[in-house]
Amino acid sequence: MDYQQALTIINQISAFHVAKAPVLERIQELLKRLGNPQKQLKCIHVAGTNGKGSACAMLQSILTQSGYKTALYTSPHLIKYNERFQIDGVCISDESFAQQVDIVYQHYTQMIDAGFDAPTLFEFLTAICFHYFAQQSVDILILEVGLGGTCDATNIIENPLICMIMSIGMDHMEYLGNTLQKITLEKAGIIKENCSVVLYPQKNLVYNSIVDICKQKQCCIYDLQQIKTKILLQNLEKTLFSVTTKYFQYNMVDLRLLGEYQIQNCITVLLACHVLNKKGFHLTEQSILKGILYTVWHGRMEMIQKKPIVILDGAHNIDGISMLSRSINKYFKHKKITLLLGVLNDKEYQKMAQVILPIVDTVVLTEPMSHRKLNIDELEKTVQHFDKKIFKNAHVIEAYKTALHLTSNRDVLICCGSLYMIGELKNNISRLEVLS
């Protein structure tokens, strides 16, 4: 099987997918047929609404710098499925990806022939994750939850080294529940008996719920209730800060990921490093700081050019847009902002617009490449009462050209609202640079 054939199979599984109840039985059966490779792996399991990907990227970089063969499984991808499967920052090759699809697909079809329910695409890809990384004999796997936690396919693991819960907010309410309490319970579903839990600073309701769960399951919880942070320098090139907690102290952290919210993500990662050291890993201060310095996470507050400044950000829910808006006010307070916006129809796009529209000058509307896209005319109805200059083009690349043309060299273009849209922009990045 070659790479194109593998993609054909992936597309067939995706097209075959219908809405199914989130359960673990399908992935459990598929992995059993593959020899339960997940049982061979040491995992850090990461859940949350926002910040999961950035935290995973930092942890991978730190562990790699510390000499560990480190696997990373994330979703979704921006351009290619290969991005979801990385070892020490290198994506799986086309050849290896095709081999893994071939192996797992044989068991997938046998499973269906035996009368079992067909796994979803994410379950299929998660099976590839465990099988491939077990074959590669990685030292540790950083495992990002796909959706929720309790019945997410990644939650098939039994004894994670760390359960890490990042910022929790309102998103995917149709699957996880329409209250913060319900969403919290779903996210906290990754917490296992007697495990170590690393917790990002949360709203009181979220924090108290997770603490109660940890007590019930006799878990050791590490939180950031007592923390002192001092920002030493913050610009478009870097953030330098110091931090003191009851667990650790760092006098100079050099963080190259843009966004005010990344400071808190980084501190949560530092806490996870503290726990890993307690568990017998050897992460020195030098390797930790070097790993943070070298961390790259595409499509999240990513600056792709400077004249004009163009920022790609995958913010696609109310918390993400709120974090992005705070960063815009921090970095670009005295500049005019052009906003390229495309969203999905199952997001809280009215609330997202209320947060970000007041701080921009010009808006260009578009439609992400997804069957869940919000129609551009519906999006226009949402934003038209904000008294902004509004332009629209359903084609993302054409809309980007318009937005770039409307932005002067001294000002800023922000592209956000959907990871699908950011992925399409990234996929055309070289051509877009020529256009600009």
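So, a few notes on the structure that sits alongside this text. (Residues numbered from 1 in each chain as written. Predicted model: local features only at pLDDT ≥ 70, side-chain atom pairs only at ≥ 80, totals over all residues. Heavy atoms only, no water.)

**Things to note about the overall build of the protein**
Scanning the protein from terminus to terminus reveals 16 helices and 17 strands. Rg of the C-alpha trace for the protein: 21 Å, near the compact-globule value of 22 Å for 436 residues, within the 12% margin. Considering only C-alpha atoms, the protein reaches an extent of 55 × 55 × 40 Å along its principal axes. Within the span of the protein, comprising 436 residues, buried residues form 58% of the whole. Across the protein, every contact between residues at least 6 apart in sequence was considered, and the portion connecting residues at least 24 apart equals 74%. Counting only carbon and sulfur atoms, one obtains 48% of the accessible surface of the protein, whose full area is about 18,600 Å². Mean positive and mean negative side-chain charge positions of the protein (44 and 40 charges, respectively) differ by 7 Å. (Helix = DSSP H or I, 4+ residues; strand = E, 2+ residues; numbered from the N terminus. Rg over C-alpha atoms; globule rule 2.2 N^0.38 Å. Buried < 20%, exposed > 50% of the residue type's maximum accessible area, 1.4 Å probe, protein only. Contact = heavy atoms within 4.5 Å. Areas by Shrake-Rupley, 256 points an atom, 1.4 Å probe, with all protein chains shown as cover. Lys, Arg positive; Asp, Glu negative; His and termini not counted. Charge placed at Lys NZ, Arg CZ, Asp CG, Glu CD.)

**Points about empty space enclosed by the protein**
Throughout the structure, instances matching the rule amount to two cavities of 30 Å³ or more. Taken as a whole, the second largest cavity encloses approximately 30 Å³ of empty space. Taken together, Asn50, Gly51, Ser167, Tyr200, Tyr261, Asn265 and Met323 make up the lining of the second largest cavity. Of the residues in the lining of the second largest cavity, the class split is three nonpolar, four polar and no charged. (1 Å grid on protein atoms, 1.4 Å probe; cavity = no way out; pocket = protein on both sides within 12 Å on 5 of 7 lines; lining within 4 Å. Points joined across faces, edges and corners; volume = space filled by probe spheres on them. Nonpolar A, V, L, I, M, F, W, Y, C, P; charged D, E, K, R; others polar.)

**Describing the pattern of salt bridges**
Applying the stated rule across the entire model yields 15 salt bridges. Put simply, Asp346 and Arg372 hold a salt bridge, and the shortest N to O gap is 3.0 Å. Highlighted residues: Asp346 in the loop between strand S14 (337–341) and helix H12 (349–356) and Arg372 in the loop between strand S15 (362–365) and helix H13 (376–383), separated in sequence by 26 residues. With relative accessibility at 26%, the residue Asp346 sits in the partly exposed group. Close ionic contact of Lys392 with Asp377 constitutes a salt bridge, the shortest N to O distance being 2.7 Å. Of this pair, Lys392 sits in strand S16 (residues 389–392) while Asp377 sits in helix H13, and the two are 15 residues apart along the sequence. Residue classification places Lys392 among the partly exposed positions, given a relative accessible area of 40%. In this structure, a network of salt bridges that share partners links the residues Arg26, Asp117 and Glu123. (Salt bridge = Lys/Arg side-chain N within 4 Å of Asp/Glu carboxyl O.)

**Points about unusual backbone geometry**
In this structure, Pro76 follows Ser75 across a cis peptide bond, with omega equal to -5 degrees. Relative to the elements of secondary structure, Pro76 occurs in the loop between strand S2 (70–73) and strand S3 (85–87). A cis amide bond links Lys307 with the next residue in sequence, Pro308, at an omega value of -10 degrees. Assignment of secondary structure puts Pro308 in the loop between strand S12 (302–306) and strand S13 (309–312). In this structure, Asn36 is a non-glycine residue whose phi angle is positive, near 50 degrees. Residue position: Asn36 is located in the loop between helix H2 (25–33) and strand S1 (43–47). You will see that Met301, though not glycine, has its phi angle at about 45 degrees, which is positive. Along the polypeptide, Met301 turns up in the loop between helix H10 (285–293) and S12. A relative accessible area of 2% places Met301 in the buried class.

**Topic: the sheet that holds strand S10 (residues 239–245)**
Read across the sheet, three strands follow the order S9-S10-S11 without closing on themselves; strand pairing throughout is antiparallel. With one partner strand each, in any of the chains shown, strand S9 (227–234) and strand S11 (249–255) form the two edges of the open sheet. The average angle at which neighbouring strand axes cross in this sheet is 20 degrees, direction not considered. For S9 and S10, the ladder comprises seven bridges, and the chain directions are antiparallel. Following the sheet pairing, Lys230 is matched in S10 by Ser242. (Pairing = 2+ DSSP bridges. Axes fitted to C-alpha atoms, helices over the stretch in contact; angles between N-to-C directions.)

**Some details on the nonpolar core**
Counting 76 residues, the largest nonpolar core has Met164, Phe332 and Ile414 as the members making the most contacts within it. The element that contributes the greatest number of residues to this core is helix H9 (residues 261–278), accounting for eleven residues. Phe332 has contacts with Leu236, Met301, Ile309, Ile311, Ser327, Ile337, Val412 and Ile414, leaving out every residue within four places of it along the chain. Membership of the second largest hydrophobic core comes to 41 residues, among which are Ala98, Ala118, Ala127 and Ala134. (Core = buried A, V, L, I, M, F, W, Y, C linked by side-chain atoms within 4.5 Å.)

**A short note on the packing of aromatic side chains**
Note on aromatic pairs: each is described by the distance of the centres and the angle between the planes. Here the structure, examined in full by the defined rule, presents twelve aromatic pairs. With 5.5 Å between their ring centres and 85 degrees between their planes, Tyr108 and Phe124 make a pair best called edge-to-face. Placement of Tyr108 in helix H4 (residues 94–113) and of Phe124 in helix H5 (residues 121–135) is noted, with a sequence separation of 16 residues between them. Of the two residues examined, Tyr108 and Phe124, each falls in the buried class. Ring centres 5.6 Å apart and planes at 55 degrees place the aromatic pair Tyr222 and Tyr247 in the tilted group. (Phe/Tyr/Trp six-rings, centres within 6.5 Å; stacked < 30°, edge-to-face > 60°.)

All quantities given are derived from atomic positions and should not be read as evidence of function.
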